[in-house]
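Listed here are the chains, written in short residue letters.
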Amino acid sequence: MTPLELRADVPALQEGTYLNFGAHGPSPRYVVDAADEFLRAHEYESPVESDPYAAAFDEFDRTRERLAAFVGAEPDEIGLTESTTGGINGVANAVDWEPGDVVVRTDLEHPAGRLPWQRLEREGVEVRVVETEAGRIDEDDFAEAVADADLACFSAVTWTHGTRLPVADLVEIAHDAGAFALVDAVQVPGQLPMDVGEWGADAVAAAGHKWLLGLWGGGFLYVDRDAADDLAPRTVGYRSVEAPDADPFEYAAGARRFEVGSASPAPHVALREAVDAIDEVGVGEIRDRIRELVERLIESVPDDRLLSPATPESGLVSIDVDDPEGTVERLSDDGVVIRSLSEPEAVRASIHAVNTARDVDRLAEALEPEWD
């Protein structure tokens with residue numbers, strides 16, 4: 001499958017110019033159909049023909065296996081979550097925190113990577129924020145901050161600048177200090193290659209409703225099987241333990257301990273279908289096409305207005321404009337969809353391989369008044 005063939009399967013892309021995949025990736029028809037077909041079978045057939053719980057658990061198992069193969073993990077190292085936020089909170093709530101413990105994050109984190117630690121501050125946990133510049137982190141500053149920390153949380157690709165942080169290096173620094181390494185990778189799967197083994201992180205949170213073109217509710221959490229043994233989630237249900245009737249109970253092996261109860265399998269059935277589509281195009285092909293399209297956009301942006309790297313590192317492009325919210329509204333009225341950011345104060349385009357040169361040119365033309 002080519003990127004343009006994948007585009008043709010996405011109804012939302014047939015009209016207008018959509019360039020906001022970093023927030024939401026509209027799904028192909030067959031991704032939505034997979035969820036719909038499962039729901040119909042689960043509600044209409046499995047109650048009388050089989051067992052709705054067995055049917056659901058089979059889908060969960062299949063999705064864990066598919067995601068594990070996609071990101072370089074083992075199936076029991078994948079927990080199925082609702083979102084990246086859910087995954088980060090799951091880890092935050094599974095650590096036995098004490099007053100004086102230390103969490104380190106960067107100033108580039110999405111609210112998903114900020115709010116859980118702000119809550120812990122109310123319980124006496126110290127949160128250190130490593131300041132960055134233009135979407136770049138100084139590894140010496142990070143090492144100084146994490147020297148006596150218990151956990152470090154940072155993004156693989158920054159949602160503010162589209163920069164790629166040196167994940168493996170930051171993980172190594174955190175581990176050398178004895179800190180747990182948690183990565184927010186939501187901007188990676190579907191646009192860039194992802195191998196959790198190469199990163200070496202203890203946990204990686206992500207979701208499928210952006211670049212993977214899956215549905216909302218289809219998130220996942222990788223947890224290294226050894227690291228999982230030290231995590232005790234506070235939210236517990238029959239899916240998170242080995243034997244629901246055991247007293248005392250034992251947590252399920254690996255990341256499965258972060259799954260709780262009767263969540264709908266439909267978003268994760270759809271996620272499996274979405275991963276298959278992305279794999280059919282090829283993540284390498286997607287990465288290369290995104291780079292070409294981003295380069296095309298950057299050519300039209302004045303140097304002093306470009307906040308993202310001049311040499312593209314992802315499909316996220318942040319641009320300085322005088323009135324971000326007003327610009328987004330003006331472009332929306334013209335059928336061009338991007339988003340605004342508050343910090344940095346800018347607009348952000350998220351360009352996928354399913355976009356076209358014409359999409360990029362329309363955005364460039366629509367932004368021209370900003371340079372006057």
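## Remarks on the sheet that holds strand 5 (residues 151–155)
Picture the strands of a sheet paired through backbone hydrogen bonds; they go either parallel or antiparallel. Pairing is mixed across the open sheet formed by 7 strands, whose spatial order is 2-8-7-6-5-3-4. The strands lining the two open edges of the sheet, one partner per strand, are strand 2 (78–81) and strand 4 (126–130). Going from strand to strand, the sheet's axes swing by 20° on average, the running direction of each strand aside. The strands touched by helix 4 (residues 52–71) within the sheet are strand 2 and strand 8 (219–223), with strand 2 carrying the most contacts at an inclination of about 120°.

## Regarding the side chain of Asn20
Looking at the secondary structure, you find Asn20 in the loop between strand 1 (17–18) and helix 2 (29–44). Looking at Asn20, the relative accessible area reads 11%, which means it is buried. Aside from chain neighbours lying at most four places away, what touches Asn20 is Val337, Ile338, Arg339, Arg348 and Ser350.

## A few points about the packing of aromatic side chains
Enumeration over the complete set of coordinates arrives at 8 aromatic pairs. Between Phe142 and Phe154, the ring centres sit 5.8 Å apart and the planes meet at 85°, which makes this aromatic pair edge-to-face. Remark: Phe154 occurs in strand 5 and Phe142 occurs in helix 7 (residues 139–146); sequence separation between them is 12 residues. Accessibility expressed as a relative area gives 0% for Phe154, which makes it buried. By the ring-pair criterion, three or more aromatic residues cluster together here, those being Tyr53, Phe57, Phe60 and Tyr238. We note Arg239 situated over the ring of Phe60; from NZ or CZ to the ring centre the distance is 3.8 Å.

## Notes on the environment of Val167
Along the polypeptide, Val167 turns up in helix 8 (residues 167–176). In this structure, the C-alpha to C-alpha distance between Val167 and Ala185, residues 18 residues apart in sequence, is 9.9 Å. Non-local contacts of Val167, meaning those with residues more than four positions away in its chain, are made with Phe154, Ala156, Val183 and Trp199.

## Let's talk about the pattern of salt bridges
Inspection of the entire model under this criterion finds 23 salt bridges. Of the charged contacts in the structure, one is a salt bridge between Asp276 and Arg66, with a shortest N-O distance of 2.6 Å. A residue pair is termed long-range when its members are at least 10 positions apart, and Asp276 in helix 11 (residues 266–281) and Arg66 in helix 4 qualify at 210 residues. Of the residues examined, Asp276 reaches a relative accessible area of 33% and is grouped as partly exposed. The partner of Glu365 in a salt bridge is Arg358, and the shortest N-O contact between them spans 3.4 Å. The class for Glu365 is partly exposed, based on a relative accessible area of 43%. Here Arg358 falls in the partly exposed class, since its relative accessible area comes to 48%. A single network of salt bridges, built from pairs that share partners, joins Asp61, Arg64, Arg239 and Glu259.

## Some details on helix 7
Residues of helix 7 that are buried include every one of Phe142, Ala145 and Val146, and no others. The buried residues of helix 7 all sit within an arc of 90° when viewed along its axis, so they share a single face. Along helix 7, exposed side chains directed more than 90 degrees from the buried face belong to Asp140 and Glu144. Where helix 7 is buried, its residues meet strand 3 (102–106), strand 4, strand 5 and helix 8.

Procedures and definitions
- Just so you know, the residues in each chain are numbered from 1, in the order the chain's sequence is written.
- Side-chain atom pairs in this predicted model are given and counted only at pLDDT of 80 or more, local residue features only at pLDDT of at least 70, and totals for whole chains, interfaces and linings cover all residues.
- Remark: hydrogens and water are excluded; side-chain values derive from all non-hydrogen atoms of the structure.
- One bridge is not enough; two strands pair if DSSP finds at least two bridges between them.
- Note on conventions: DSSP H or I runs of at least 4 residues are helices, E runs of at least 2 residues are strands, and numbering of each starts at the N terminus.
- Each axis is a line fitted through C-alpha atoms, and for a helix only the stretch in contact is used; angles between axes span 0 to 180 degrees, taken between their N-to-C directions.
- In this description, contact between two residues means that some pair of their heavy atoms is separated by no more than 4.5 Å.
- Relative accessibility decides the category of a residue: with a 1.4 Å probe and only protein chains considered, values under 20% of the type maximum give buried, values over 50% give exposed, and everything between is partly exposed.
- In this scheme Phe, Tyr and Trp rings, the latter by its six-membered ring, pair at centre separations within 6.5 Å, and the angle between planes marks the pair as stacked below 30 degrees, edge-to-face above 60, and tilted otherwise.
- In this scheme, Lys NZ or Arg CZ marks a charge over a ring once it lies within 6 Å of the ring centre and within 35 degrees of the ring normal.
- Salt bridge, as used here: a side-chain nitrogen of Lys or Arg that lies within 4 Å of a carboxyl oxygen of Asp or Glu.
- As used here, the arc is the angular range of directions from the helix axis to the C-beta atoms.

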